[in-house]
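Analysis of the macromolecular model
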Amino acid sequence: MAYEIDQEKWKRVRQIMERHDLDAFVVRAPDNVLYLTNYWTMKGYDLAIFPREGDPTLLVIEPQFREAQQTAWNKDVRFFPFYHSKDPRPPMIRAVEMAVEVLRERKLNGRVGIELSQTSQICDRMVGEPTVYWQGFFDAFRAACCEIVDAAPLLSEARMIKTPQEIERMRLANELAAIGMEHARENIKPGMKESEVAAMIEGHIHAVGIGYKGKVEMARAFTLVWSGKGIATFTATSHRPVIENEPTLVEIWVCADGYWTDLTKNLCPGELTPQYNRLLDQLLKIFADAVGCVRNGAPLGEIDRIIRDGIDAAGYPGQPSHPVAHGVGARAHEAPYSHRIASGDMRSGMVLAIEPGIYWEGGGGLRLEDNFLVTEHGCEKLCSYPDDFRR
């Protein structure tokens, strides 16, 4: 989807480049290509060269050239052959060679940032076959440039604070998640398979999301669904049946044109059992206490501390075994991460996933999770689907 150039984002990135005296970033992680150019790669072979001054250069496989021209913010879009009649090598090698040529052509081969420590990345639009780095990628830029710097932490720093455009895009993803959950809430029945619930949510979001409000070109949902004693951390969706009067937990990631949610929502066909009512009340209180500390300038580690202390006091010491707060944006999991003994403060414009969970021995339990936009004096919940899912 064609958005106006996010000048605030480019300015922030270039301030970081100025501070570190970088001539350019060269990125290939799909989320970083998207972040800097607005182009969400189809196959993951593409590269972007983002200079400290001037127009970025986007390199894409030949079949995606026209689409990239229509979507990318930058005017300099070039293609390399996906298939070459005289070159049997994989296309990503041609992409790297072309990127080296661009750096030399534009005299950007002094001090260059590449993703040396990219610990995770989003999928490309083909989803099922992510492309990764190889030794030749790093060797090519080390040989071509005077100095190589790790771009990953610098871009992570920029990405922690969302621009107004990014927040708008994340609102769309959260709206689609709520639509998918409401659809499931109306149609779930005891005895359905967990996999049927997952398919119902994912299919509905894909069908409704493409073209949503005239603003979304591609929408996908990815879920894990567990019911009753199947609730755990973490297992795959299975053929277990949906249990009446017990929660069916839905871990739901929605991606709208490369911007993500990370949510955990719950359904219950029937009335919650007394045991689950007590557990939900406990978690809602812990959740509210944690959300209550979220505001600009507050210690980031407070979220982790409040949740874990609250769960300990509720009688479940040491839970949960997973992190309970992290950033969301062009990835479902990105910086910052909340840890009680780590430093760092919350800042306006961060979007945080907060996710307290309690799990019972032998199966069952609950997790609540929403995405919150940090503001000057508090925070805003981005998904309208209720955390108290009792009708």
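About the thresholds
Residues numbered from 1 in each chain as written. Predicted model: local features only at pLDDT ≥ 70, side-chain atom pairs only at ≥ 80, totals over all residues. Heavy atoms only, no water. Pairing = 2+ DSSP bridges. Helix = DSSP H or I, 4+ residues; strand = E, 2+ residues; numbered from the N terminus. Axes fitted to C-alpha atoms, helices over the stretch in contact; angles between N-to-C directions. Core = buried A, V, L, I, M, F, W, Y, C linked by side-chain atoms within 4.5 Å. Buried < 20%, exposed > 50% of the residue type's maximum accessible area, 1.4 Å probe, protein only.

Things to note about the sheet that holds strand S4 (residues 76-80)
One open sheet accounts for 6 strands, arranged S4-S3-S2-S1-S5-S6; its pairing is mixed. The outermost strands of the open sheet, each flanked by one partner alone, are S4 and strand S6 (147-150). Pairs of neighbouring strands in the sheet enclose a mean axial angle of 20°, with direction left out of account. Judged from the 4 bridges that link them, strand S1 (residues 24-27) and strand S2 (residues 47-51) form a sheet pairing that is antiparallel.

Regarding the nonpolar core
Core analysis: the largest hydrophobic core is formed by 110 residues, its most contacted members being Phe25, Ile303 and Ile354. The element that contributes the greatest number of residues to this core is helix H7 (residues 164-187), accounting for 9 residues. In terms of nonpolar packing, the next biggest core, distinct from the first, is built from 27 residues, Leu59, Ala95, Val112 and Tyr133 among them.

Some thoughts on the sheet that holds strand S11 (residues 325-327)
Taken together, the 5 strands give an open sheet; going across it, the order is S12-S11-S13-S16-S17, and neighbouring strands pair in antiparallel fashion. Single-partner strands in this sheet number two, and they are strand S12 (334-337) and strand S17 (379-381). Pairs of neighbouring strands in the sheet enclose a mean axial angle of 35°, with direction left out of account.

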